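Inside the fold
For reference, the chains in residue letters:
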Amino acid sequence: MTSAVSAPAAIPTSPARGLVCRACGAEYPLIAQHACYECFGPLEVAYDEAALARVTRAEIESGPQNIWRYAGLLPAGQDPATRVTLDPGLTPLVSAPALAAAVGLRAPLYVKDDSANPTHSFKDRVVSVALTAARGLGFTRFACASTGNLANSVAAHAARAGAPSIVFIPYDLEQGKVITTAVYGGDLVAIEGSYDDVNRLCGELVETDEFEDTAFVNVNVRPFYAEGSKTLGYEVAEQLGWRIPAQVVIPMASGELLTKVDKAFSELVEIGLATAPEGGWTVFGAQSAGCNPIATALHKGTDEIIPVKPTGIAKSLNIGDPAAGAYAIEAVRRTGGWMDYADDDEIRAGIRLLAETTGIFAETAGGTTVAVLKKLVESGKLDPERETVVYNTGEGLKTLDAVAELVGPTHRIKPSLRGAREAGLLG
Ligand SMILES: Cc1ncc(COP(=O)(O)O)c(C=O)c1O
Ligand SMILES: [Zn+2]
């Protein structure tokens, strides 16, 4: 017998089964908690393997043109009605032969250009996942501790969702990051200290009664936030025809993004959605010379990360005490990769090289990553014969000061043919 009224389609449920301590393996339910009660280690989302394995390529390919096509592999947002989002993702994977030639790579090179997201950095991915989970957990106000891009994204997401926001930044950020946060409304608190001071204060605020209703995307709901970065791994694999690239170069602040791209690749291979390159993939990390605690520990051969006081123009990467640093080192060592760092002049040169060879204008984080790519080829750490993807995670218009004194009009002429001739434009 057929019914005249069809049953409503079942809303798919989250494949996440709980939170697990990255250090000791203790398990917790899916709640707003980021540190382990047993050992203070960081928590991350653990999944029901069988649920992940049910996700198919066809299902993903017929999904929306944004990160939510991977909802079956994320902890929240399976029901579109529950999403707090600007629908980021599916940003271009740009073939970059001229950049490859300039840095000495002979294999194909691609730039994953995440400046194409709604607030022009990869942070829209992590914020969409964090705030969707946060609203599901009952939070009504949205917050973060930010080096700039996260502030933009949280304020914009809150505006779209009609929710109040309060974001915390160091007082000395680039004007381009401050304005592109303030414009969305919401509270914007500039703190007279470094990002690490901002983060510490947010860790204290989140424990107060006054902030009980507030989700700090990278504090109390950090495990969900971190999962959003996996989509930068899924997307690259899908855009390459469901292949994992042989080498990836990724900027590091907390080190979280790097660990999650690696986690995404592992998941795709485990559930049979993508193929690994021969010999496996290799992960490389990029920092600035003004804030290089993770790369320094790797270079010294230790796991112990000694916090630094950050300096230099790559402010979005200026986290002196990186929460996921040890895990980034683990991923890089396990895959046979390396980390390096670039000074301010090298970062500026990296921004210009990327712009001149690909038409992509990156912020200082992207300049750092391109500069480090070049160094890794020069030092022989990165194999010039293997396919490589370099991640540009942010937009150059937000950090104009970095190159303002280096570039400008190449000619200034009177508005006449004579003026053009005198300037040598007519031969
Ligand atoms: C543009 C940009 N790239 C990369 C990162 C590094 O992210 P993670 O803290 O996950 O290492 C950040 C962090 O703020 C960023 O703003
Ligand atoms: Zn633990």
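Whatever comes next refers back to the structure up there.
This text gives an overview of the structure that appears in the document.

Rules and cut-offs
Residues numbered from 1 in each chain as written. Chains lettered and ligands numbered in written order. Predicted model: local features only at pLDDT ≥ 70, side-chain atom pairs only at ≥ 80, totals over all residues. Heavy atoms only, no water. Helix = DSSP H or I, 4+ residues; strand = E, 2+ residues; numbered from the N terminus. Rg over C-alpha atoms; globule rule 2.2 N^0.38 Å. Buried < 20%, exposed > 50% of the residue type's maximum accessible area, 1.4 Å probe, protein only. Contact = heavy atoms within 4.5 Å. Areas by Shrake-Rupley, 256 points an atom, 1.4 Å probe, with all protein chains shown as cover. Lys, Arg positive; Asp, Glu negative; His and termini not counted. Charge placed at Lys NZ, Arg CZ, Asp CG, Glu CD. Donors = N, O, S within 2.8 Å, 3.2 Å for Na, K, Ca; no water. Tetrahedral: all angles 85-135°; square planar, octahedral: opposite > 155°, others 65-115°. Polar contact = N/O pair within 3.5 Å; in protein donor to acceptor, adjacent residues only side chain to side chain. Phe/Tyr/Trp six-rings, centres within 6.5 Å; stacked < 30°, edge-to-face > 60°. Patch = residues over 30% accessible without salt bridge, like charges linked within 9 Å, V, L, I, M, F, W, Y side chains within 5 Å. Salt bridge = Lys/Arg side-chain N within 4 Å of Asp/Glu carboxyl O. Expected span 1.5 Å × (residues − 1). Near = heavy atom within 4 Å. 1 Å grid on protein atoms, 1.4 Å probe; cavity = no way out; pocket = protein on both sides within 12 Å on 5 of 7 lines; lining within 4 Å. Sits in = over half its atoms within 2 Å of the grid points. Pairing = 2+ DSSP bridges. Axes fitted to C-alpha atoms, helices over the stretch in contact; angles between N-to-C directions. Core = buried A, V, L, I, M, F, W, Y, C linked by side-chain atoms within 4.5 Å.

1. Things to note about the overall build of the chain
Along its length, the chain carries 16 helices and 13 strands. For 427 residues, the compact-globule formula gives about 22 Å, and the C-alpha radius of gyration of the chain, at 22 Å, lands near that figure. Oriented by its inertia axes, the alpha-carbon framework of the chain measures out at about 85 × 55 × 50 Å. For the chain, the proportion of its 427 residues judged to be buried stands at 57%. In the chain, 71% of the contacts between residues at least 6 apart in sequence involve partners at least 24 apart. Within the structure as shown, the chain displays about 17900 Å² of accessible surface, and the carbon and sulfur contribution to it stands at 53%. Looking at the chain, you have 36 positive and 51 negative side-chain charges, and the mean spots of the two groups are 6 Å apart.

2. Here we look at the coordination of the zinc ion (ligand 2)
Those donors, Cys21 (SG), Cys24 (SG), Cys36 (SG) and Cys39 (SG), are the protein atoms that reach the zinc ion (ligand 2), and they lie 2.3 to 2.4 Å from it. In this structure, the zinc ion (ligand 2) is surrounded by four donor atoms whose angles at the metal cover 101 to 116 degrees, and the resulting shape is tetrahedral. Linear spacing of the donor residues for the zinc ion (ligand 2) on their chain is C-x2-C-x11-C-x2-C. Note on Cys24: relative accessible area 42%, which makes it partly exposed.

3. Looking at the side chain of Thr388
If you trace the backbone, Thr388 turns up in strand 13 (residues 388–392). Within the structure, the side chain of Thr388 is placed 3.0 Å from the side chain of Gln247, a separation counted as a polar contact. The contacts of Thr388, once residues within four sequence positions are left out, are Leu105, Pro108, Leu109, Tyr110, Gln247, Val249, Leu373 and Leu382.

4. Some points on unusual backbone geometry
In this model, Asp87 sits at a positive phi of 50 degrees, which is unusual for a non-glycine residue. With respect to the element layout, Asp87 can be found in the loop between helix 2 (57–61) and strand 4 (93–95). Overall, the relative accessible area of 39% leaves Asp87 in the partly exposed class.

5. Examining the packing of aromatic side chains
Throughout the structure, instances matching the rule amount to five aromatic pairs. Pairing Tyr28 with Tyr37 gives two aromatic rings, centres 5.7 Å apart and planes at 80 degrees, and the pair type is edge-to-face. Assessed through its relative accessible area of 62%, Tyr37 is described here as exposed. Both rings, one in Tyr70 and one in Tyr234, keep their centres 5.3 Å apart while their planes meet at 40 degrees; by these two values the pair is tilted. Within this pair, whereas Tyr70 is found in the loop between helix 2 and strand 4, its partner Tyr234 is found in helix 9 (residues 231–239), the two being separated by 164 residues in sequence.

6. Overview of a nonpolar patch on the surface
Taken together, the side chains of Ile413, Leu417, Leu425 and Leu426 define a hydrophobic patch exposed on the protein surface, amounting to about 390 Å² of accessible area. With respect to the secondary-structure elements, Leu426 resides in the segment after helix 16 (417–422).

7. Regarding a negative patch on the surface
Taken together, Asp209, Glu210, Glu212 and Asp213 make up a surface patch of like negative charges. One can find Glu212 in the loop between helix 7 (195–205) and strand 9 (214–216). For Glu212, a relative accessible area of 63% translates into the label exposed.

8. Details of helix 10 (residues 256–270)
Relative to the 21 Å expected for 15 residues at 1.5 Å per residue, helix 10 spans 21 Å between its end C-alpha atoms, a close match to the ideal helical length. Of all 15 residues in helix 10, twelve are buried; the element is thus mostly enclosed.

9. A word on the site of ligand 1
Near ligand 1 lie 16 residues; those nearest to it are Ala253, Ser254, Gly255, Leu257 and Thr393. Backbone polar atom of Ala253 to an oxygen atom of ligand 1: 2.9 Å apart, as the coordinates give it. Within the backbone of Ser316, one N or O atom sits 3.1 Å away from an oxygen atom of ligand 1. Within the complex, the protein chains bury 97% of what would otherwise be the 400 Å² of accessible surface of ligand 1. Under a 2 Å grid-point criterion requiring more than half of the atoms, the pocket assigned to ligand 1 is the largest pocket.

10. Focus on the sheet that holds strand 11 (residues 282–288)
Backbone hydrogen bonds are what pair the strands of a sheet, in a parallel or an antiparallel way. Pairing within the open sheet is mixed, and its six strands lie in the order 4-5-13-10-11-12. If you trace the sheet from one side to the other, it starts and ends with strand 4 and strand 12 (339–342), each paired once. On average, each strand axis in the sheet is inclined to that of its neighbour by 25 degrees, with strand direction left out of account. Together, strand 10 (247–251), strand 11 and strand 13 form the strand contacts of helix 10, whose direction differs from that of strand 10 by roughly 150 degrees.

11. A closer look at the sheet that holds strand 9
The four strands lie next to each other as 8-7-6-9, forming an open sheet whose pairing is parallel. Strand pairing shows two members of the sheet lacking a second neighbour, strand 8 (187–191) and strand 9, which therefore form its edges. The sheet shows a mean angle of 20 degrees between the axes of neighbouring strands, taken without regard to direction. Where strand 6 (residues 141–145) and strand 9 come together, three bridges link them in parallel fashion. Counterpart to Phe142 in the pairing with strand 9 is Ala215. Across the sheet, helix 5 (residues 149–161) is in contact with strand 6 and strand 7 (165–170); its angle to strand 6 comes to roughly 175 degrees.

12. Here's the deal with the pattern of salt bridges
Two side chains that carry opposite charge are able to pair once their charged atoms sit near each other. Inspection of the entire model under this criterion finds 27 salt bridges. Residues Lys263 and Glu44 are paired through a salt bridge, measuring 3.6 Å at the closest nitrogen-oxygen approach. Within this pair, whereas Lys263 is found in helix 10, its partner Glu44 is found in strand 3 (residues 43–47), the two being separated by 219 residues in sequence. Overlapping salt bridges bring together Arg22, Glu44, Arg222, Glu227, Lys230, Glu256, Lys260, Lys263 and Glu267 as one network.

13. Focus on the nonpolar core
Counting 75 residues, the largest nonpolar core has Leu268, Met339 and Tyr391 as its most contacted members. The contact partners of Tyr391, leaving out residues within four places of it in the chain, are Lys112, Leu232, Gly233, Val236, Val248, Val249, Ile250, Pro251, Val261, Phe265 and Thr369.

So far we have only geometry, and geometry alone does not tell us how the molecule works.
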